[in-house]
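# Survey of secondary and tertiary structure
Okay, here's what each chain looks like letter by letter:
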Amino acid sequence: MTDYTQNLDRPVRNALTENSDNERKLTFLERLYLPEIFKGLAFSFKQMFKPDITMRYPEERWDPPAIFRGRPVLVKDNGKERCVACGLCARACPPLAISMQASETDDEKERYPDFFEINMLRCIYCGFCEEVCPEEAIVMSKDYDLVFHSRGEAIYDKEKLLVPKEELKERLDFLKSYKNRQFGQFWNYKEENNIHSVRNRDENWDTGLSIVDILEAKNDKETN
Ligand code: SF4
Ligand code: SF4
């Protein structure tokens, strides 16, 4: 029976085996090292004549594709934030980077964030806030180079977070194509059922009816 208590007091080097028979033997030239060094120098020399693939940042800036997740921003639609301060993003945010205070408005959307802050020292660019937002009010932008001189500067308020929807068009279009793939694929879930916000309703029908009324009217129209 194996004695598992052995070697506990004084660890030994490679307790399993000291046998090196399976190791590859170096050739004479490999043991000299010089040929390998010259091979490396020749490789570096050849690279000097190949096209440059690095960018001279910050003079040259990389334009990321729409799938890129840069800092989260709030979408500004017709001069106002789309956000209705539902708090879902703050709830989903793993490092608790988002804080907000809801307030009421006479607008159709009824609620808005009185203040909305993201602590960019905490944000891990996971995109969960964007995933859960029912209003497409918070999205990941292309902004990747953030600089702060103090901890206070890293707290982004509404002024810093709001970006007009026209500047976020690429990401919004990407989200539409990415999210819409689920319709009719895995569940029998229709795209029109995703029309959930006042924004969609007014843009598309401008009827002032509730979503349920609109969908029922649409169904009636299709069946008649
Ligand atoms: S990207 Fe992730 S970590 Fe950053 S604010 Fe959104 S949910 Fe929080
Ligand atoms: S989930 Fe969207 S609508 Fe809700 S508080 Fe966050 S940004 Fe605003």
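The structure we're discussing is the one just above.
These remarks concern the structure in this document. Computed from a prediction, not measured in an experiment: that's the story for all the values here.

### Some remarks on the overall build of the chain
When helices and strands are counted, the chain shows eight helices and seven strands. Expressed as a percentage of contacts within the chain between residues at least 6 apart in sequence, the contacts between residues at least 24 apart total 68%. Surface accessibility of the chain: about 17,100 Å² in total, with carbon and sulfur atoms responsible for 53%.

### Some remarks on a nonpolar patch on the surface
On the surface, Tyr33, Leu34, Ile37, Phe38 and Leu41 cluster together into a nonpolar patch covering about 570 Å² of accessible area. Within the secondary structure, Leu34 sits in helix H2 (residues 34-47).

### A look at the environment of Phe128
On the secondary structure map, Phe128 appears in helix H4 (residues 128-132). Between the alpha carbons of Phe128 and Val139 there is a distance of 9.6 Å; along the sequence they are eleven residues apart.

### Some thoughts on the site of ligand 2
The environment of ligand 2 is formed by Cys83, Val84, Ala85, Cys86, Gly87, Leu88, Cys89, Met100, Cys133, Pro134 and Ile138. Of the residues belonging to the shell around ligand 2, the class tally is ten nonpolar, one polar and no charged.

### Structural notes on the site of ligand 1
Around ligand 1, the structure places Cys93, Pro94, Pro95, Ile98, Cys123, Ile124, Tyr125, Cys126, Gly127, Phe128, Cys129 and Met140. Tallied by class, residues from the shell around ligand 1 come to eleven nonpolar, one polar and no charged.

### Quick look at the sheet that holds strand S4 (residues 111-119)
Strand order in the open sheet formed by three strands is S3-S4-S6, with antiparallel pairing between adjacent strands. The sheet terminates laterally at strand S3 (98-104) and strand S6 (155-156), the two strands that pair on one side only. Relative to S4, S3 runs antiparallel, the two being bridged by seven bridges. Along S4, the bridge assignment pairs Ser99 with Glu117.

Rules of the game
Counting restarts for each chain, with residues numbered from 1 along the sequence as it is written. All chains are assigned letters beginning at A, and all ligands numbers beginning at 1, according to the order in which they are written. Local features in a predicted model are, by the rule used here, given only for residues with pLDDT of at least 70; side-chain atom pairs are given and counted only at 80 or more, and totals for whole chains, interfaces and linings are based on all residues. Just so you know, side-chain values use all the structure's heavy atoms and leave hydrogens and water out. Numbered from the N terminus, helices here are DSSP runs of H or I no shorter than four residues, and strands are runs of E no shorter than two. Note on contacts: a residue pair is in contact if any heavy atoms of the two residues lie within 4.5 Å. We get accessible surface area from the Shrake-Rupley algorithm with a probe of 1.4 Å; when it comes to residues, only the shown protein chains can shield them. What makes a patch is a set of residues exposed beyond 30% relative accessible area and free of salt bridges, joined within 9 Å when like-charged and within 5 Å when nonpolar (Val, Leu, Ile, Met, Phe, Trp, Tyr). Whenever a carboxyl oxygen of Asp or Glu lies within 4 Å of a side-chain nitrogen of Lys or Arg, that contact is scored as a salt bridge. We call a residue near a molecule or strand whenever a single non-hydrogen atom of that residue lies within 4 Å of it. Side-chain classes follow a simple rule in which Ala, Val, Leu, Ile, Met, Phe, Trp, Tyr, Cys and Pro form the nonpolar group, Asp, Glu, Lys and Arg form the charged group, and the remainder, Gly included, forms the polar group. When DSSP locates at least two bridges between a pair of strands, those strands are taken to pair.

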